[in-house]
Amino acid sequence: MEARIESAICPGCACLCDDIDVTVVDNRISLADNICLWGASKMFSHQRFHPKKERRRLQQPQIKHRGRWETVVYEDAVNRAAEILSQARKPVIYGLTNSGCWAQEAALTLARRARARLEPADLDFKAPYYQSLMRYGLRWAPLEMIRDEADTFLFWGANPLHSCPRHVVRYSVFSRGRFTERGIEERRTAAVDLHRTELAEFVNIFVQIEPGQELALLEGVRRTVSGQKPTRPVRGVRRLANLLQEASYGVIFFGRGVSYGPTEELLDGLAALTVELNQKAPGILFPLSADFNSVGLYHLLLRELGSPLAPDFSGDTSCSFCAEPVRLQDRDALVVCGADLFWFLTLEQISDLKRRRTPVVVLSPFANRSAGHADVVLPVALAGVEVPEIAYRMDGLPLCLPQLVSSSLPADSQVLQDLAKAL
């Protein structure tokens, strides 16, 4: 049986593109139009950078017993995971930026019940951003307004071609908007990065800096824009300042690259620069989120707890909030959902977890590094493909992700709810 689904929403990244036309044959997606590699990796289960290499799906719950995997029924896996959480004194629930809103709400409930810390996967560069946003009171804009009105873009530590590939086509560099009908022909673009990236091929200015020069460059640009002289000479200051000063509507996109340096100082400086730009023309400071529902998690934390920082319920009295990434050496149990924690860990951190025999519970639709180090693996269905979900686009627009095909696997929200009930 064949079905055609038009204008489906893609959960490949935080752009949540809504122009995907999908053909479903016998409960399998056989064709998807207007899709990028990130979306195709979800819908067709292949690797992002290697479309011909398949990503292995997890099919059955497993428990590691005496160093060997054992396939078990769902209830036994949930009970074992609940046993791990109930015995832990300082557990952490990590990830959730690649989970839907229902799963994030269930994870928050589980964190409260298990007296755990809830750790967003991108806390290292999102928490300082929200702190700067509240400190300076910066303006905000939806992606459609940026596409229609913005004529100047600065990418700082961000490579949209690797985090949200269609962003440059739909909303920024090449997009044609209401007042920017010629796209890149009437826009000025620049990028700052530690490494030469693909952006260097089409932006007007590409500044490759050495590690440790970020703050000096940023301070020089801010002082030049405000009419002062830079305190120390850094290559690229004058060109970036001139580009930003000529903007009638400017947007500074930043990505994970800011977390490789002094993140808090960098984002504070970018926010101060945005304030200076707003003295003459509209200016926006915008995070480029790769994970499809990172913004939804911070909306949940702000709505329920009043803070975008990581909540920790392991204290004796009330919830505390943390801006710094979690110290795993202080934790005695890990639950990983909607992320691949072990992809970002160093060999020393992994060795320390093994030495201390820290139990790991993983909820994932695909086999990944975290699942390889787990004690309990719970396969889940793909949110926005195999089960319906709700997600927030990178600009904060909530969208309903419909089910495209069916699956026998449970949704991650259901697994998290069952875990909370089993405690």
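Since we're looking at a predicted model, the values are computed, not measured.

## Describing the sheet that holds strand E8 (residues 152–156)
The parallel open sheet is built from five strands, whose spatial order is E10-E9-E8-E11-E12. The open sheet has two free edges, formed respectively by strand E10 (205–208) and strand E12 (283–287), since each of these has just one partner strand. Sheet twist, expressed as the average angle between the axes of neighbouring strands with direction ignored, equals 15°. Two elements, E8 and strand E9 (residues 188–193), share five bridges in a ladder whose sense is parallel. Within E9, the position partnered with Thr 152 by the bridge is Arg 188.

## Points about the packing of helix H2 (residues 74–87) against helix H15 (residues 412–422)
Following both chains from N to C, one finds H2 and H15 inclined at 60°, their axes separated by 9 Å at the closest point. Here H2 is positioned oblique relative to H15, judged by the angle of their axes. When the axes of H2 and H15 are compared, the crossing they make is right-handed. Residues Tyr 74, Val 78, Asn 79, Ala 81 and Ala 82 of H2 form the contact with H15, whose own contacting residues are Gln 414, Val 415, Asp 418, Leu 419 and Ala 422. Across the contact of H2 with H15, the residue classes break down as seven nonpolar, two polar and one charged.

Definitions and cut-offs
Residues numbered from 1 in each chain as written. Predicted model: local features only at pLDDT ≥ 70, side-chain atom pairs only at ≥ 80, totals over all residues. Heavy atoms only, no water. Pairing = 2+ DSSP bridges. Helix = DSSP H or I, 4+ residues; strand = E, 2+ residues; numbered from the N terminus. Axes fitted to C-alpha atoms, helices over the stretch in contact; angles between N-to-C directions. Parallel < 35°, antiparallel > 145°, perpendicular 65-115°, else oblique. Left-handed = near helix turned anticlockwise from the far one by under 90°. Contact = heavy atoms within 4.5 Å. Nonpolar A, V, L, I, M, F, W, Y, C, P; charged D, E, K, R; others polar.

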